[in-house]
Amino acid sequence: MDEQVLKVQKIKNGIVIDHIPCGMSLKVLKILGIQGDIGSTVTLAMHVKSSRGWKDIVKIEDRYLDDREIDKISLIAPSATVNFIENYKVVRKHRVEIPSVVKGIVKCMNPRCITNHKEPIQSEFYVISKTPITIKCKYCGREMNAEDIVENII
Amino acid sequence: MFKGKDIVSIGDLSKSDMERIFEVAEEMIPIAKGERKSDLLKGYILANLFFEPSTRTRMSFEAAMYRLGGKVLGFSNPSSTSLSKGETLADTVRMMDAYSDVIVIRHPLEGAARLAAEFAENPVINAGDGAGQHPTQTLLDIFTILQEFAHVEGLKVTLVGDLRYGRTVHSLAIALSNLGAEIHLVSPRTLKMPGHILREMKTSPEVHENIEEVIEISDVFYVTRIQRERFPDPTEYMKVAGSYKISLELTKRMKDTAIIMHPLPRVDEISFEVDKTKHARYFKQAFYGVPIRMALLSLVLGVM
């Protein structure tokens with residue numbers, strides 16, 4: 001068994017978010033709302049060698065992700081793959097994909113935007129660049145980058 | 001097809017859309033002046049939703065509607081409406097939509113017109129949303145230039161003053177560069193054109209420290225007001241504002257055919273003596289707001 005595998009142990013049930021761009025794993029945890037003790041084991045590895053260069057990995061036991069959460073991850077870690085693990089086996093593998101429209105998962109950072117004032121609408125952004133990620137508010141036109149997105153995840 | 005179209009952002013209009021608007025506006029000039037009568041919009045109602053004070057824009061929409069035989073309802077003081085009771089903009093828009101055929105909206109929040117357009121069945125025209133878009137102003141600005149020069153391509157247009165917060169210069173700069181004008185920017189260091197606007201421009205503008213550098217070469221000077229409240233230090237304001245002022249002296253060095261524009265209201269960035277010179281066009285420019293808005297109303301209502 002090689003050294004890399006030993007570093008990041010297998011999990012029985014849960015998810016493995018692999019191929020996260022180097023340095024982005026803490027942000028991935030943040031947008032998934034994982035702070036403090038969540039009652040299950042979270043393993044995080046940064047700067048791990050892979051066939052495609054360097055990456056981060058996050059493993060969360062006994063937790064699964066819904067499509068909305070996968071969309072959130074795609075915004076800041078577009079190269080990531082999400083593996084669903086059951087009984088030590090990968091039962092489902094997802095390559096995340098940046099949608100062309102981001103609806104209801106990020107709040108516009110512009111306090112003067114109409115979407116931040118009690119109106120019956122969801123926030124909506126157009127993805128105007130995938131690398132580096134830039135989204136543009138459909139309503140006020142404000143552009144937001146990866147940092148801004150992490151700070152404004154709903 | 002224009003019928004039913006929302007005019008929220010200048011970016012919603014293609015080059016041919018703009019050409020069509022200018023063509024109709026040209027036909028509207030004699031009616032806007034009162035030289036010819038029209039009842040093109042007889043039986044139509046415009047709802048003017050002004051959540052923020054405005055003189056020129058609101059009145060020119062009213063004039064446009066009345067000149068074409070239509071009627072206007074609305075408000076210019078939101079404190080007298082149910083908004084002060086906490087009603088959402090979405091609800092106000094849906095209600096006004098049911099009472100009228102076309103909505104014109106000015107609102108202090110950015111994106112308000114886009115929201116209104118989503119909730120209204122009838123066409124919505126943005127008359128300015130916060131620091132955001134003000135497409136009818138951009139259209140009348142370009143129309144003014146076209147009336148004077150008959151083309152935009154190759155013209156040297158200098159934008160002067162507050163290029164950071166002045167919303168009219170943002171969409172104007174983008175539209176003019178797309179139409180092939182050569183843009184020059186003159187502003188205090190703290191009030192420079194924002195980067196995202198520069199990125200949207202087709203060609204990079206030339207940036208100048210002071211107006212002297214372009215005084216002899218510019219075809220159009222588009223002057224904007226530098227607001228006192230942008231400067232915490234009043235002496236700094238006095239120093240800055242003075243150096244971006246168009247004086248009578250300065251106009252003597254301009255090209256013979258050069259014109260001076262201003263979205264108004266003006267405070268003291270253009271001295272009053274300049275009004276009588278052959279270069280002043282700001283009042284004519286304000287007049288062109290009427291035929292442009294007549295054209296837009298007739299087009300989105302589908303009668304042209």
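As the structure is a prediction and not an experimental result, all values here were calculated from the model. (Residues numbered from 1 in each chain as written. Chains lettered and ligands numbered in written order. Predicted model: local features only at pLDDT ≥ 70, side-chain atom pairs only at ≥ 80, totals over all residues.)

Novice: I'd like a description of the overall build of chain B, backed by residues and values.
Specialist: Looking only at helices and strands, one finds 10 helices and nine strands in chain B. Relative to its length of 304 residues, chain B is compact, with a C-alpha radius of gyration of 19 Å against a globular reference of 19 Å. Taken over the C-alpha atoms alone, chain B extends approximately 55 × 45 × 35 Å along its principal axes. Taking all 304 residues of chain B together, 47% fall into the buried category. Long-range contacts, defined here as pairs at least 24 residues apart, represent 73% of the contacts in chain B between residues at least 6 apart. (Helix = DSSP H or I, 4+ residues; strand = E, 2+ residues; numbered from the N terminus. Rg over C-alpha atoms; globule rule 2.2 N^0.38 Å. Buried ≥ 20, exposed ≤ 12 C-beta atoms within 10 Å, placed from the backbone. Contact = placed C-beta atoms within 7 Å.)

Novice: Which residues make up the interface of chain B and chain A, and what are the values?
Specialist: Chain B puts 13 residues into the contact, and the matching count from chain A is 16 residues. Tallying contributions element by element places helix H4 (residues 112–119) of chain B first for the side of chain B that touches chain A, with three residues. Residue composition of the side of chain B that touches chain A, grouped by class: six nonpolar, five polar and two charged. (Nonpolar A, V, L, I, M, F, W, Y, C, P; charged D, E, K, R; others polar.)

Novice: An account of the packing of helix H5 (residues 135–149) of chain B against helix H6 (residues 167–178) of chain B is requested, with residue identities and associated values reported.
Specialist: Residues and elements named next belong to chain B. Where H5 meets H6, the closest approach of the two axes is 9 Å, and the angle between their N-to-C directions is 55°. As far as their axial angle goes, H6 and H5 are oblique. As for how H5 packs across H6, the hand of that crossing is right-handed. Residues Pro135, Gln137, Thr138, Asp141 and Ile142 of H5 form the contact with H6, whose own contacting residues are Thr168, Ser171, Leu172 and Ala175. Grouping the amino acids of the contact of H5 with H6 by side-chain chemistry returns four nonpolar, four polar and one charged. (Axes fitted to C-alpha atoms, helices over the stretch in contact; angles between N-to-C directions. Parallel < 35°, antiparallel > 145°, perpendicular 65-115°, else oblique. Left-handed = near helix turned anticlockwise from the far one by under 90°.)

Novice: Pulling in residues and values, what's your account of unusual backbone geometry?
Specialist: All names here are of chain A. The omega angle of the peptide bond from threonine 131 to proline 132 is -10°, so this bond is cis rather than trans. Checked against the element boundaries, proline 132 lands in the loop between strand E7 (124–129) and strand E8 (134–137). The phi angle at histidine 47 is positive, at roughly 55°, despite the residue not being glycine. Position of histidine 47 relative to the elements: it lies in strand E2 (residues 42–50).

Novice: How would you explain the domain arrangement of chain B if you had to name every residue and give the values?
Specialist: Residue and element names in this part refer to chain B. Along its sequence, chain B is carved into domain 1 (10–133 + 288–300) and domain 2 (135–286). Between the C-alpha centres of domain 1 and domain 2 there is a distance of 26 Å. Elements that contribute at least two residues to the side of domain 1 that touches domain 2 include exactly helix H1 (15–32), strand E4 (124–129) and helix H10 (282–300). Per element, the largest residue contribution to the side of domain 1 that touches domain 2 is five residues, and it comes from H10. Here the residues of the side of domain 1 that touches domain 2 sort into 10 nonpolar, four polar and two charged. (Domains from an automatic or database assignment.)

Novice: Hey, could you go over the confidence of the model for chain B for me, with residue numbers and the actual values?
Specialist: Per-residue confidence for chain B averages 93 on the pLDDT scale, and 98% of its residues sit at or above 70. The ipTM value of the predicted complex is 0.87, and its pTM value is 0.88. (pLDDT = per-residue confidence, 0-100.)

Novice: Describe the sheet that holds strand E4 (residues 81–86) of chain A, and please don't skip the residues or the numbers.
Specialist: Residue and element names in this part refer to chain A. Read from one edge to the other, the open sheet built from five strands follows the order E2-E3-E1-E4-E5, with strand pairing classed as antiparallel. Unpaired on one side and paired on the other, E2 and strand E5 (89–95) mark the two borders of the sheet. This sheet shows a mean twist of 20° between the axes of neighbouring strands, independent of strand direction. Judged from the six bridges that link them, strand E1 (residues 14–21) and strand E3 (residues 53–61) form a sheet pairing that is antiparallel. The residue bridging proline 21 from the neighbouring strand is lysine 55, located in E3. (Pairing = 2+ DSSP bridges.)

Novice: Can you lay out the domain arrangement of chain A for me, pointing to particular residues and giving the numbers?
Specialist: Residues and elements named next belong to chain A. Each assigned domain of chain A is listed with its residue range as follows: domain 1 (14–95) and domain 2 (101–152). Counting residues at the interface gives nine residues for domain 1 and seven residues for domain 2. Counting residues per element, the ones that place at least two in the side of domain 1 that touches domain 2 are helix H2 (25–31) and helix H3 (67–76). Considering each element in turn, the side of domain 1 that touches domain 2 owes the most residues, five residues, to H3. When grouped by side-chain class, the residues that make up the side of domain 1 that touches domain 2 number four nonpolar, no polar and five charged.

Novice: Quick rundown of the pairing of strand E3 (residues 102–107) of chain B? Include the residues and the values.
Specialist: Residue and element names in this part refer to chain B. Burial of E3 is extensive: six of the six residues sit out of reach of the surface. Covered by surrounding structure in E3 are Val102, Val104 and Arg106 together with Ile103, Ile105 and His107, the residues of both alternating faces. Where strand E1 (residues 45–50) and E3 come together, five bridges link them in parallel fashion. In the strand pairing of E3, alanine 47 is matched with isoleucine 103. Direction of pairing for E3 relative to E4: parallel, over a ladder of four bridges. When the bridges of E4 are listed, isoleucine 105 appears paired with asparagine 126. With respect to chirality, the unit in which E3 leads through H4 into the neighbouring parallel E4 is right-handed. (Right-handed = clockwise from strand over helix to strand, strands pointing away.)

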